[in-house]
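Descriptive structure summary
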Amino acid sequence: MTLELGVNIDHIATLRQARGTPYPDLLQAMKLVEEAGAHAITIHLREDRRHIQDADVYEIRKVCQRRLNLELAATDEMVNIACDVAPSDACVVPEKREELTTEGGLDVIGLFDRVHKSTQQLNNAGIRVSLFIEPDIEQIKRVPDIGASVIELHTGTYANAMGDDKKREFERIVNASEYADALGIQVNAGHGLDYDNTPIIAAIPQIRELNIGHSMVARAVFVGIKQATVEMLALLQKARA
């Protein structure tokens, strides 16, 4: 089974927003990522608009040649925007204003009603819904009740762990992937993945897609975003060989 790569271009927008310039051009970056063979473009429209802006979402949607995966909080504002834009996929994520990036998975148990409402609205608009959650069996058990057909496992804890803790976090991801797959849920994964820690995650056979951004944008500083994408795709292909 082919492992797909979604490239998150948020942090190209972060660089742009640092000076309020029209560059770097997100559409140019997206085109290069697509030319390199990425399977999806991922963007996160945050409530504070710290990187991706509303206009970016609409412009990217118009010209995107791959699947567009829009990350969003489970709020009326964000869900309404998603339904208007109509991306291929919408990934519902937790969001805190003070965090540097999304930390931790969505609590689908504690926020069941809100997430269920958002998921149903997105489903009714013909958008495939993914829930960004921890590799936790109890959380995964509630996903079918919410109505999402995809989960994205949060790999950030694994990425930041060391020694035995890293081994334990990896096993959690493996177990969660196997459990979700047995329920008929598509398993994606992402957060904190780079060119060193991705191969072992990519080798998990139940995982269908990895969404990677920051490390690829950092690599692009030296080799360009197209080459950074080519290199990551080669790692994924080797892991599944």
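Structure: above.
Residues numbered from 1 in each chain as written. Predicted model: local features only at pLDDT ≥ 70, side-chain atom pairs only at ≥ 80, totals over all residues. Heavy atoms only, no water.

1. Quick notes on the overall build of the protein chain
The following threshold applies: Segments assigned H or I by DSSP are reported as helices when at least four residues long, segments assigned E as strands when at least two residues long, and all are numbered from the N terminus. The globule rule used for comparison is 2.2 Å times the number of residues to the exponent 0.38, while the radius of gyration itself is calculated over C-alpha atoms. For every residue, the accessible area (1.4 Å probe, protein chains only) is compared with the maximum for its type, and the residue is labelled buried under 20%, exposed over 50%, or partly exposed between those bounds. Residues scored as charged are limited to Lys and Arg (positive) and Asp and Glu (negative), so that His and the chain ends carry no count. By convention, the charge on Lys lies at NZ, on Arg at CZ, on Asp at CG and on Glu at CD.
Within the protein chain, the secondary structure is distributed over 12 helices and 8 strands. Relative to a compact globule of 241 residues, whose C-alpha radius of gyration would be 18 Å, the protein chain shows 17 Å and is just as compact. Looking at the protein chain residue by residue over its 241 residues, the buried ones come to 51%. Within the protein chain, one finds 26 positive and 36 negative side-chain charges whose respective centroids are separated by 3 Å.

2. Re the packing of aromatic side chains
Our working definition: Here a pair means two rings of Phe, Tyr or Trp (six-membered ring of Trp) with centres within 6.5 Å. Their orientation is stacked below 30 degrees between planes, edge-to-face above 60, and tilted elsewhere. The rule for a charge over a ring is simple: NZ of Lys or CZ of Arg within 6 Å of the ring centre, and within 35 degrees of the ring normal.
Taken as a whole and assessed by the stated rule, the structure comprises 1 aromatic pair. For the pair Y158 and F170, a centre-to-centre distance of 6.4 Å together with 50° between the ring planes defines the contact as tilted. In this pair, Y158 is assigned in helix 8 (residues 156–160) and F170 in helix 9 (residues 163–182), connecting sequence segments 12 residues apart. Each of the two residues, Y158 as well as F170, counts as buried. Stacked on the ring of Y158, the Lys or Arg K166 has its end atom at 4.4 Å from the ring centre.

3. Section: the pattern of salt bridges
To keep it simple, the criterion reads: Whenever Lys or Arg places a side-chain nitrogen within 4 Å of a carboxyl oxygen from Asp or Glu, that contact is recorded as a salt bridge.
Summed over all chains, the structure comprises 15 salt bridges. The partner of D89 in a salt bridge is R128, with the nearest N and O atoms 2.5 Å apart. Residue D89 is found in strand 4 (residues 89–92), and its partner R128 is found in strand 5 (residues 128–133); the two are separated by 39 residues along the sequence. Look at D89 and you get buried, because its relative accessible area is 7%. The network of salt bridges with shared partners includes E4, R67, D89, R128 and E209.

4. Examining the sheet that holds strand 4
Formally: Here, any two strands with at least 2 DSSP bridges between them count as paired. Only the contacting stretch of a helix is used when fitting its axis, a line to C-alpha atoms as for every element, and angles between N-to-C directions run 0 to 180 degrees.
The 8 strands are arranged 1-2-3-4-5-6-7-8 in a closed barrel whose pairing can be described as parallel. On average, adjacent strands in this sheet sit at an angle of 25° to one another, irrespective of strand direction. Pairing of strand 2 (residues 40–44) with strand 3 (residues 67–72), which is carried by 5 bridges, proceeds in the parallel orientation. Opposite T42, over in strand 3, you have N69 as the bridge partner.

5. Here we look at the packing of helix 11 (residues 214–223) against helix 12 (residues 225–240)
Under the convention used in this document: We call two directions roughly parallel when the angle between them is under 35 degrees, roughly antiparallel when it is over 145, roughly perpendicular when it lies between 65 and 115, and oblique otherwise. Should the near helix be turned counterclockwise from the far one by less than a right angle, the crossing is left-handed, whereas a clockwise turn marks it as right-handed. Contacts between residues were defined by any pair of non-hydrogen atoms, one from each residue, lying within 4.5 Å.
Closest axis-to-axis distance for the helix 11/helix 12 pair is 7 Å, and the angle between their directions is 125°. It follows from the interaxial angle that helix 11 and helix 12 lie oblique. Like other packed secondary-structure pairs, helix 11 and helix 12 cross with a definite hand, here right-handed. Packed against helix 11, whose contacting residues are S215, M216, R219, A220 and V223, the element helix 12 presents I225, Q227, A228, T229, E231 and M232 at the interface.

6. Comments concerning the nonpolar core
The line we're drawing: Within this scheme, the nonpolar core is defined by two criteria: the residues are buried Ala, Val, Leu, Ile, Met, Phe, Trp, Tyr or Cys, and they are joined through side-chain atoms within 4.5 Å.
Judged by nonpolar contacts, the single largest core of 70 residues is most densely connected at L131 and L210. With residues near it in sequence (within four places) discarded, L210 still touches L3, E4, L5, G6, A189, L193, T198, I201, A202 and L236.

7. A short note on helix 1 (residues 10–19)
Convention followed: The directions from the helix axis to the C-beta atoms are what the arc is built from.
Of all the positions in helix 1, only D10, I12, A13 and R16 are classed as buried. The buried side chains of helix 1 occupy one side of the element, clustering within an arc of 155° when seen end-on. Of the exposed residues in helix 1, the ones pointing more than 90 degrees away from its buried face are L15, A18 and R19. Against strand 1 (4–8), helix 2 (26–36), strand 2, helix 3 (54–63), strand 3 and helix 11 lie the buried residues of helix 1. Looking one or two residues past helix 1, G20 carries a phi angle of roughly 65°, positive in sign.

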